[in-house]
Amino acid sequence: MTAKGGDDGGKPGTAAAGGVLCRLADIPDRDSRAFTITSNGAEREIFAIRLGDEVFAYVNVCPHRQMALNWKPDVFLAYDKSRILCTMHAATFDIREGHCLTGPCPGQSLESVPIVIEDGIVSLGACADGAMKAGERPAKSPA
Ligand code: FES
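Residues numbered from 1 in each chain as written. Predicted model: local features only at pLDDT ≥ 70, side-chain atom pairs only at ≥ 80, totals over all residues.

Its identity is not glycine, yet Ala-90 carries a phi of approximately 65 degrees, on the positive side. Relative to the assigned elements, Ala-90 resides in the loop between strand E6 (84-85) and strand E7 (92-93). Unlike most non-glycine residues, Asp-119 shows phi in positive territory, near 50 degrees. Structurally, Asp-119 can be placed in the loop between strand E10 (115-118) and strand E11 (121-124). (Helix = DSSP H or I, 4+ residues; strand = E, 2+ residues; numbered from the N terminus.)

For the rest of this paragraph, the subject is the confidence of the model for the protein. Looking at the protein as a whole, its pLDDT mean stands at 83, while 76% of the residues score no less than 70. Low pLDDT, under 50, characterises residues 5-17; the stretch is placed with 35 contacts to residues that sit more than four places away or in other chains. Counting interchain partners and residues more than four positions distant, the pLDDT-below-50 stretch residues 128-143 has 32 contacts. (pLDDT = per-residue confidence, 0-100. Contact = placed C-beta atoms within 7 Å.)

As a further point, take the sheet that holds E10. Taken together, the three strands give an open sheet; going across it, the order is E2-E11-E10, and neighbouring strands pair in antiparallel fashion. At either margin of the open sheet sits one strand with a lone partner, and together these are strand E2 (20-23) and E10. Between one strand axis and the next, the sheet turns through 25 degrees on average, direction left out of account. Across four bridges, E10 lies against E11 in antiparallel orientation. Paired with Ile-117 across the bridge in E11 is Val-122. (Pairing = 2+ DSSP bridges. Axes fitted to C-alpha atoms, helices over the stretch in contact; angles between N-to-C directions.)

As a further point, take the sheet that holds strand E8 (residues 100-102). Overall, antiparallel pairing links the three strands, which are arranged E6-E7-E8 in an open sheet. Edge positions in the sheet fall to E6 and E8, since each of these pairs with one other strand and no more. Two strands pair when backbone bridges link them, and E6 and E7 are joined in this way by two bridges, in the antiparallel orientation. Its bridge partner being in E7, Ile-84 is matched across the sheet by Phe-93.

Quick look at the structure:
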């Protein structure tokens, strides 16, 4: 799994397998950043949200209509930053769990992406087959 991460203020960068997305400090607290990763040879758009020392990441595909959630680059949160927002039909999702809170996809969830944070570096979590695993919860940063 490789990653292109937003390390230059919005334009995707690049990282290696199990790759580095960015520094934790590159994501403002209670804000989000988009990245492009490669999983099993296919590029996928993901986004990461920082809550203090934790980062939660999901594939940028809404379970309602399989469309990208965002309209503006790096903007994945509702105005009050309490929830993930799909701008297409206004579904909202829990930041920590990814499940639908309101909108047209009740009972469904975003596909989570495993994240590891070590020494202030945010990386993709390792998977046995090098592929993202649907439904896997993102790792919490070390206390
Ligand atoms: S595509 Fe996300 S709410 Fe419809």
